[in-house]
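# Coordinates in review
The chain contents come next:
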Amino acid sequence: MTFFAIRGSRQLTSEEFLAHLALAIRLENVGVLLGAGASRGVGGMVMSDVWALLESECADQIQFLRDNKFLTGGDPGNVELLLDRVEIACLDGERAGVDLTKLKAARHSFRKAVLRAAILDEKLWSEPDQAILHPKLSSHIRLVSRLAGNRQPGQAAPWAFTTNYDLALEWSAEALGLHCVNGFSGTHDRAFRPSSFDLGLRNVQARGEARFGTYNLYLGKLHGSISWTGSKSGGVCELPSATVKPLVDRFLASDKPDDWPGFMIFPGASKFIQTTAFVYGEVIRRFTEFLSRPNACLVVNGYGFTDDHINRLLVSALQNPTLQLIIYLPEVDRLGIYDTLAATGDAIKPNEQLKRLLLAQLPQVTVRGFGSDGFFDALANDLPEPAMLDEVSERARQLETLLRQATNIEVAKKTARTDDADVAVGAPPDTAPALGDSFEGVLR
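Residues numbered from 1 in each chain as written. Predicted model: local features only at pLDDT ≥ 70, side-chain atom pairs only at ≥ 80, totals over all residues. Heavy atoms only, no water.

## So, the overall build of the protein chain
- Helix and strand counts for the protein chain come out as 15 helices and 13 strands.
- Taking all 444 residues of the protein chain together, the buried fraction comes to 47%.
- For the protein chain, contacts bridging at least 24 residues in sequence account for 74% of all contacts bridging at least 6.
- For the protein chain, the accessible surface area stands at approximately 22,100 Å², while carbon and sulfur atoms represent 54% of it. (Helix = DSSP H or I, 4+ residues; strand = E, 2+ residues; numbered from the N terminus. Buried < 20%, exposed > 50% of the residue type's maximum accessible area, 1.4 Å probe, protein only. Contact = heavy atoms within 4.5 Å. Areas by Shrake-Rupley, 256 points an atom, 1.4 Å probe, with all protein chains shown as cover.)

## A word on helix α9 (residues 241–252)
- Between its terminal C-alpha atoms α9 stretches 16 Å, which fits the 16 Å expected from 12 residues at 1.5 Å a residue.
- Buried residues along α9 sit against α5 (101–119), α6 (122–126) and α8 (168–175). (Expected span 1.5 Å × (residues − 1).)

## Quick notes on the sheet that holds strand β2 (residues 10–11)
- Strand order in the open sheet formed by 9 strands is β2-β1-β13-β12-β11-β3-β4-β8-β5, with mixed pairing between adjacent strands. Edge strands, defined here as strands with exactly one partner in the open sheet, are β2 and β5 (179–181).
- In this sheet, strand β13 (residues 365–369) lies alongside strand β1 (residues 5–7) in antiparallel orientation, the contact comprising 3 bridges. Bridge pairing in β13 links Ala5 to Arg368.
- Helix-sheet contacts for helix α1 (residues 14–24) involve β1, β2, β3 (29–34), β11 (296–301), β12 (323–329) and β13, and the interaxial angle to β12 is about 130°. (Pairing = 2+ DSSP bridges. Axes fitted to C-alpha atoms, helices over the stretch in contact; angles between N-to-C directions.)

## A short note on the confidence of the model for the protein chain
- Here the protein chain averages 81 in pLDDT, and 80% of its residues register 70 or above.
- Scored below 50 in pLDDT, residues 269–275 shows 14 contacts in the model against residues more than four places distant or in partner chains.
- Counted against residues more than four places away or in other chains, residues 429–436, with its pLDDT under 50, gives 5 contacts. (pLDDT = per-residue confidence, 0-100.)

## A word on the pairing of β12
- Extensive coverage of β12 is indicated by the burial of 7 of its 7 residues.
- Judged by which residues are buried, β12 turns out to be covered on both faces: Leu323, Leu325, Ile327 and Leu329 on one side and Gln324, Ile326 and Tyr328 on the other are all buried.
- Relative to β12, β11 runs parallel, the two sharing 6 bridges. Residue pairing across strands places Cys297 opposite Gln324, the latter belonging to β12.
- For the segment spanning β11, helix α11 (residues 308–317) and β12, crossover handedness is right-handed. (Right-handed = clockwise from strand over helix to strand, strands pointing away.)

## Observations regarding the side chain of Ser39
- Relative to the elements of secondary structure, Ser39 occurs in the loop between β3 and α2 (47–57).
- Judged by its relative accessible area of 3%, Ser39 is buried.

## Observations regarding the packing of aromatic side chains
- For the coordinates displayed, the defined rule picks out 14 aromatic pairs.
- Here the aromatic rings of Trp159 and Tyr218 are separated by 5.1 Å at their centres, their planes lie at 20°, and the arrangement is stacked. Taken together, the positions of Trp159 in strand β4 (residues 159–162) and Tyr218 in strand β8 (residues 216–221) put the pair 59 residues apart, joining distant regions of the chain. As far as burial versus exposure is concerned, Trp159 and Tyr218 are alike and both buried. (Phe/Tyr/Trp six-rings, centres within 6.5 Å; stacked < 30°, edge-to-face > 60°.)

If you want it as structure tokens, here you go:
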């Protein structure tokens, strides 16, 4: 398969794309947006996998939903939206005293399918301290380590935004010794406190360049997490994986439609206003804030552009002229973008906003695609290794050397005047202009 990458309207070679990516992830603000496709290699499921599971194991419930107009036509494409419709119908039915046996059974089956998609590999739950040795998690660990390692002196820690409910990013960050800042704080009561997003870590013992390091990863889970649950006070708290897994297993083994452990993983209508509106709203706000920052880069992978609220944020964020958007898109050939890039056809149906975005040919948008070249493993491998000596540090060293030379020259001139010497001690008269030229060159 030939290499494919395009920036704006110009196709890039492999070398040009990798150079662009290396420069982009060294910008002042760097983040990734990961969808379900990013977790498929760890045992997760994309939407098509979830629907295949439902069709094979819950055919009766699917047919019931079609007969009652919850589903129209074939695959609706978004299980979360369907669950929201079912949840609203359950609330209305309870108020009206309607028999909800079949509807609750369908809701139970859908919740099971979504939870199974977020479990990933079972071994990660039993041995989270061995995550760094797990072969399926190697790409996530590589991604997090290279994002953190490429941070320049004085730059903020990287962001990771995800629509996934799983814990792949949390396990990867912890395996690398990075503190995962996800909005929750506390040891025995991990409650959601958004002010934690504004905090960072530093090594108080470090001196010199060792002070400039990344010790944390900011994580924004746009659709919630399998580890979130409602607290008795009406808020949202986070549970450790060792506590979450038994609850999940018990629910998956249960046939009782109302036996729900309370994980806040769905933006459902029933509890949105009371509990999750604040959490989801705050995480979305952080995502919007990141996109508006100067000199920002967002790398998108595994995201199918099926969430309209996220798509609108991405499109509007391109009003920021310093934002670079790099999209890994395996479906670029299926969407026909490459063949119709210069076209303005009006028959834009699948992923309409994405196609319009790419057809605009904005130089801020770079697409890497075609099949496996757009997968998560490709992104992890494309990210460059951290440099031993970065350009910013080298310029700082040069500037420090020039300042030291200038200081020595001034000291030498003062000594010469004090001794009432007839000849200048130190640099010749034309040294200062040359030194000034050197300063100008370094600052450039």
